[in-house]
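Here's the letter readout for the chains.
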Amino acid sequence: MPSIQGPKHRTEVMGMPDESLSVRAASLGEAIAAYEAEYAVAIVESQDHNGRYFIHRDLRSGEEEYVDIHVLRGDGEHCARQDRDFPLREDDVIVLGFLVC
C-alpha cells in the first residue's frame, strides 16, 4: 500500500516508510486526498513556479508553505509535478517536502 508523508510528520530522513501515513490510493490525487482528510490540510496547486509546486495549507492554523511532491520507488525518485493522475505502485512513498526541482 502506498504511503505519504509531509509537513505533519517531517523527520530528518524524509521518505522513511515508518514515518508515513499508509493510504489506499491508485493515483497521486487519491493519496493527497487521504492526507488532506487525515491531517485537516488543503494541498492546492501553486499558480507560480511553472506548474511544479503545491501550497500546503493547515486548515486549523491557516499556516501555509510551498511543497514539492516526489514519489520514491525502487527505480528512483520521480517528480510528479502537479499531476494528480500520476499512477502509484504498492511500495511507493510520496513525500511532500522542500522545493527541490
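Being a predicted model, the structure only gives us computed values, none of them experimental.

Asker: Let's hear about the nonpolar core: which residues, and what values?
Answerer: With 20 residues, the main nonpolar core has Ile4, Ile43, Ile69, Ile94 and Leu96 as its most contacted residues. Secondary-structure elements contributing two or more residues to this core are helix 1 (28–39), strand 3 (41–45), strand 5 (64–73) and strand 7 (93–97).

Asker: Quick one: what's the story with the packing of aromatic side chains, residue by residue and with numbers?
Answerer: Counted under the stated rule, the structure contains one aromatic pair. Here the aromatic rings of Tyr35 and Tyr39 are separated by 4.9 Å at their centres, their planes lie at 55°, and the arrangement is tilted. Of this pair, Tyr35 and Tyr39 both sit in helix 1, four residues apart, roughly one helical turn. The same class applies to Tyr35 and to Tyr39, which are both buried.

Asker: Outline the side chain of Ser46, listing residues and values.
Answerer: Inspection of the secondary structure puts Ser46 in the loop between strand 3 and strand 4 (54–58). With a relative accessible area of 4%, Ser46 lands in the buried category. Ignoring anything within four residues of it in the chain, the contact list for Ser46 reads Tyr53, Phe54, Ile55, Tyr66 and Gln82.

Asker: So, the side chain of His56: which residues are in play, and what are the values?
Answerer: Its location among the elements puts His56 in strand 4. Leave out the neighbours within four places in its chain, and His56 touches Pro7, Tyr35, Val41, Ala42, Ile43, Glu63, Glu64, Glu65, Val67 and Leu96.

Asker: Tell me about unusual backbone geometry, and name the residues and values.
Answerer: The phi dihedral of Ala40 falls on the positive side, at around 50°, and the residue is not glycine. Relative to the helices and strands, Ala40 resides in the loop between helix 1 and strand 3. Residue Ala40 is classed as buried on the basis of its relative accessible area, which comes to 18%. For Arg81, which is not a glycine, the phi torsion comes out positive at approximately 55°. As for its placement among the helices and strands, Arg81 is situated in the loop between strand 6 (76–79) and strand 7.

Conventions adopted
- Residues numbered from 1 in each chain as written.
- Predicted model: local features only at pLDDT ≥ 70, side-chain atom pairs only at ≥ 80, totals over all residues.
- Heavy atoms only, no water.
- Core = buried A, V, L, I, M, F, W, Y, C linked by side-chain atoms within 4.5 Å.
- Buried < 20%, exposed > 50% of the residue type's maximum accessible area, 1.4 Å probe, protein only.
- Helix = DSSP H or I, 4+ residues; strand = E, 2+ residues; numbered from the N terminus.
- Phe/Tyr/Trp six-rings, centres within 6.5 Å; stacked < 30°, edge-to-face > 60°.
- Contact = heavy atoms within 4.5 Å.

By themselves, these observations are geometric and do not establish any function.
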